[in-house]
Amino acid sequence: MSLESKGMWLGFVGVAVFSLTLPFTRIAVAELNPAFVAFGRAVVAAMCAIGMLRHLKASRPTMLQVRGLLITALGVVVGFPLFSSIAMHYVPAAHGAVVVGLLPLATALFGALRFGERPSLGFWIAALIGSVIVIAFALRQGGGSFHPADFALFAAVFAAAMGYAEGGRLSQSMGGQQVICWALVLSLPVLLPVTIWLGWYYGVDASPQAWGAFAYVSLFSMFIGFFFWYKGLALGGIARVGQVQLLQPFMTLVGAAVIVGEPLDASNLLFATAVIVVVAIGKRMSIKR
């Protein structure tokens, strides 16, 4: 298996883990404060990260790496969890899934602008077509307009794309495990006191179902999934492996139907098929690195 193919498969596993984030977040924020869910999941993951770094006997990052880690943390540890949790308090996971489908294009843009990756014209056309399909799906679901929570979802997309691109590049020198672990640990001094205050102010009385959902987004969405995702980005390239994210909205739709009981109709499958075709086309386009 080539490094690019291995990167694509690792990226797919990461996306499969991330695809259940919105359904489980929706369950959690139904009973817990959205900001507490967003920051609390990072605190739990950071505790795991400390143990992982000790197990790996990881050396401390350089100052240059710390800069990249802080950007990564701002995007995937703080930004995406916060904005997506706020959105899931108001709209279904199925609605959020289609907007988050813009992530592949946004990730490719960050990779191209910040790190000099040069996707071909064919790649950009495929990415734009895929994003147009996703936007059309979102508008169709919203009756021709965006919900106000969509703006929080757009902010979540921007934050995640920034963190994915920065973390993917750092993974080439540090390894995917160390990237997410150090990003979490560097965030802990700020997020821990904020989380404690949010828990005290808003309360943490919730059902086992809500706490189970919180556990998933803490251990899988915020920790384990990144091991696969960042390794995939490092091996296959940010722009190309990022296209696997086009599958995430439709994997989330299925997850929302199974976990939350949200409806899944035949038109969703048609949109999913169209996106899969675009991903396959985009994968075949050249990208200079």
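Right above here is the structure, for reference.
As the structure is a computational prediction, the values presented were derived from the model and not from experiment.

## Considerations on the overall build of the protein chain
Stage number 1. Scanning the protein chain from terminus to terminus reveals 13 helices and two strands.
Stage number 2. Its C-alpha atoms give the protein chain a radius of gyration of 18 Å, near enough to 19 Å, the size a compact globule of 289 residues would have.
Stage number 3. Overall, the protein chain is about 50 × 45 × 30 Å in size when its C-alpha atoms are taken along their principal axes.
Stage number 4. A buried classification covers 57% of the 289 residues belonging to the protein chain.
Stage number 5. When contacts within the protein chain are restricted to residue pairs at least 6 apart in sequence, long-range pairs at least 24 apart make up 91% of them.

## Thoughts on unusual backbone geometry
Stage number 1. For Lys 57, which is not glycine, the phi torsion reads 55° and is therefore positive.
Stage number 2. Along the chain, Lys 57 turns up in the loop between helix 3 (34–56) and helix 4 (63–88).
Stage number 3. Owing to a relative accessible area of 74%, Lys 57 belongs among the exposed residues under this scheme.

## Regarding empty space enclosed by the protein
Stage number 1. For the structure shown, the criterion picks out one cavity of 30 Å³ or more.
Stage number 2. Each pocket or cavity is described by its volume, and for the largest cavity that value is around 90 Å³.
Stage number 3. Lining the largest cavity, in full, are Phe 18, Thr 21, Arg 41, Val 76, Phe 80, Val 100, Leu 103, Ala 160, Tyr 164, Ser 221, Phe 226 and Gln 248.
Stage number 4. Only helix 4, helix 8 (149–174) and helix 10 (208–236) provide two or more residues apiece to the lining of the largest cavity.
Stage number 5. Across the lining of the largest cavity, the residue classes tally to eight nonpolar, three polar and one charged.

## Focus on the side chain of Thr 72
Stage number 1. Assignment of secondary structure puts Thr 72 in helix 4.
Stage number 2. Exposure remark for Thr 72: the relative accessible area of 0% places this residue in the buried category.
Stage number 3. Among the polar contacts listed, one links the side chain of Thr 72 to the backbone oxygen of Gly 68, at a separation of 2.9 Å.
Stage number 4. What Thr 72 contacts, discounting residues up to four positions off in sequence, is Val 77, Gly 163, Glu 166, Gly 167, Leu 170, Val 179, Ala 183 and Tyr 230.

## Things to note about the nonpolar core
Soluble globular proteins tend to bury their nonpolar side chains together.
Stage number 1. Among the nonpolar cores identified, the biggest contains 90 residues, and Val 77, Tyr 164, Leu 184, Phe 226, Trp 229 and Tyr 230 are the most heavily contacted of them.
Stage number 2. Residue contacts for Tyr 230: discarding those within four places in its chain leaves Thr 72, Val 76, Gly 163, Tyr 164, Gly 167, Gly 168, Ser 171, Gly 176, Val 179 and Ile 180.

## Describing the packing of aromatic side chains
Stage number 1. Following the criterion strictly, the structure yields 18 aromatic pairs and no others.
Stage number 2. Here Phe 18 and Trp 229 contribute two aromatic rings whose centre-to-centre distance is 6.4 Å and whose plane-to-plane angle is 80°, an arrangement assigned as edge-to-face. In this pair, Phe 18 is assigned in helix 1 (residues 3–18) and Trp 229 in helix 10, connecting sequence segments 211 residues apart.
Stage number 3. Look at Trp 229 and you get buried, because its relative accessible area is 0%.
Stage number 4. Here a set of aromatic residues connected by ring pairs shows up, and it is made of Phe 18, Tyr 164, Phe 226, Trp 229 and Tyr 230.

## Some details on the packing of helix 2 (residues 21–29) against helix 12 (residues 248–260)
Stage number 1. At a closest axis distance of 8 Å, the pairing of helix 2 and helix 12 adopts a crossing angle of 35°. Across the interface between the two elements, Leu 22, Pro 23, Phe 24 and Ile 27 of helix 2 pack against Thr 252, Gly 255, Ala 256, Ile 259 and Val 260 of helix 12.
Stage number 2. When grouped by side-chain class, the residues that make up the contact of helix 2 with helix 12 number seven nonpolar, two polar and no charged.

## Things to note about the environment of Thr 273
Stage number 1. Within the secondary structure, Thr 273 sits in helix 13 (residues 266–283).
Stage number 2. Among the residues examined, Thr 273 registers a relative accessible area of 48% and is labelled partly exposed.
Stage number 3. Spatially, the C-alpha atom of Thr 273 lies 9.5 Å from that of Leu 247, the residues being 26 residues apart in sequence.

## Some points on the side chain of Thr 195
Stage number 1. Checked against the element boundaries, Thr 195 lands in helix 9 (residues 176–202).
Stage number 2. Note on Thr 195: relative accessible area 8%, which makes it buried.
Stage number 3. Setting aside residues up to four positions removed in sequence, Thr 195 forms contacts with Phe 36, Phe 39, Gly 40 and Val 43.

## A word on the state of the cysteines
Stage number 1. All told, the structure shown has zero disulfides when counted by the stated rule.
Stage number 2. Distance from the sulfur of Cys 48, which forms no disulfide, to the nearest cysteine sulfur (Cys 181) is 8.9 Å.

## With respect to the pattern of salt bridges
Stage number 1. Using the criterion set out here, one finds one salt bridge in the structure.
Stage number 2. Close ionic contact of Arg 26 with Glu 262 constitutes a salt bridge, the shortest N to O distance being 3.7 Å. Taken together, the residues span a long stretch of sequence, with Arg 26 in helix 2 and Glu 262 in the loop between helix 12 and helix 13 at a distance of 236 residues.
Stage number 3. Here Arg 26 falls in the partly exposed class, since its relative accessible area comes to 25%.

## A closer look at helix 1
Stage number 1. Here helix 1 spans 22 Å end to end across 16 residues, near enough to the 22 Å set by a 1.5 Å rise per residue.
Stage number 2. Of all the positions in helix 1, only Gly 7, Met 8, Leu 10, Gly 11, Gly 14, Val 15, Val 17 and Phe 18 are classed as buried.

Conventions we followed
- Residues numbered from 1 in each chain as written.
- Predicted model: local features only at pLDDT ≥ 70, side-chain atom pairs only at ≥ 80, totals over all residues.
- Heavy atoms only, no water.
- Helix = DSSP H or I, 4+ residues; strand = E, 2+ residues; numbered from the N terminus.
- Rg over C-alpha atoms; globule rule 2.2 N^0.38 Å.
- Buried < 20%, exposed > 50% of the residue type's maximum accessible area, 1.4 Å probe, protein only.
- Contact = heavy atoms within 4.5 Å.
- 1 Å grid on protein atoms, 1.4 Å probe; cavity = no way out; pocket = protein on both sides within 12 Å on 5 of 7 lines; lining within 4 Å.
- Points joined across faces, edges and corners; volume = space filled by probe spheres on them.
- Nonpolar A, V, L, I, M, F, W, Y, C, P; charged D, E, K, R; others polar.
- Polar contact = N/O pair within 3.5 Å; in protein donor to acceptor, adjacent residues only side chain to side chain.
- Core = buried A, V, L, I, M, F, W, Y, C linked by side-chain atoms within 4.5 Å.
- Phe/Tyr/Trp six-rings, centres within 6.5 Å; stacked < 30°, edge-to-face > 60°.
- Axes fitted to C-alpha atoms, helices over the stretch in contact; angles between N-to-C directions.
- Disulfide = S-S within 2.5 Å.
- Salt bridge = Lys/Arg side-chain N within 4 Å of Asp/Glu carboxyl O.
- Expected span 1.5 Å × (residues − 1).

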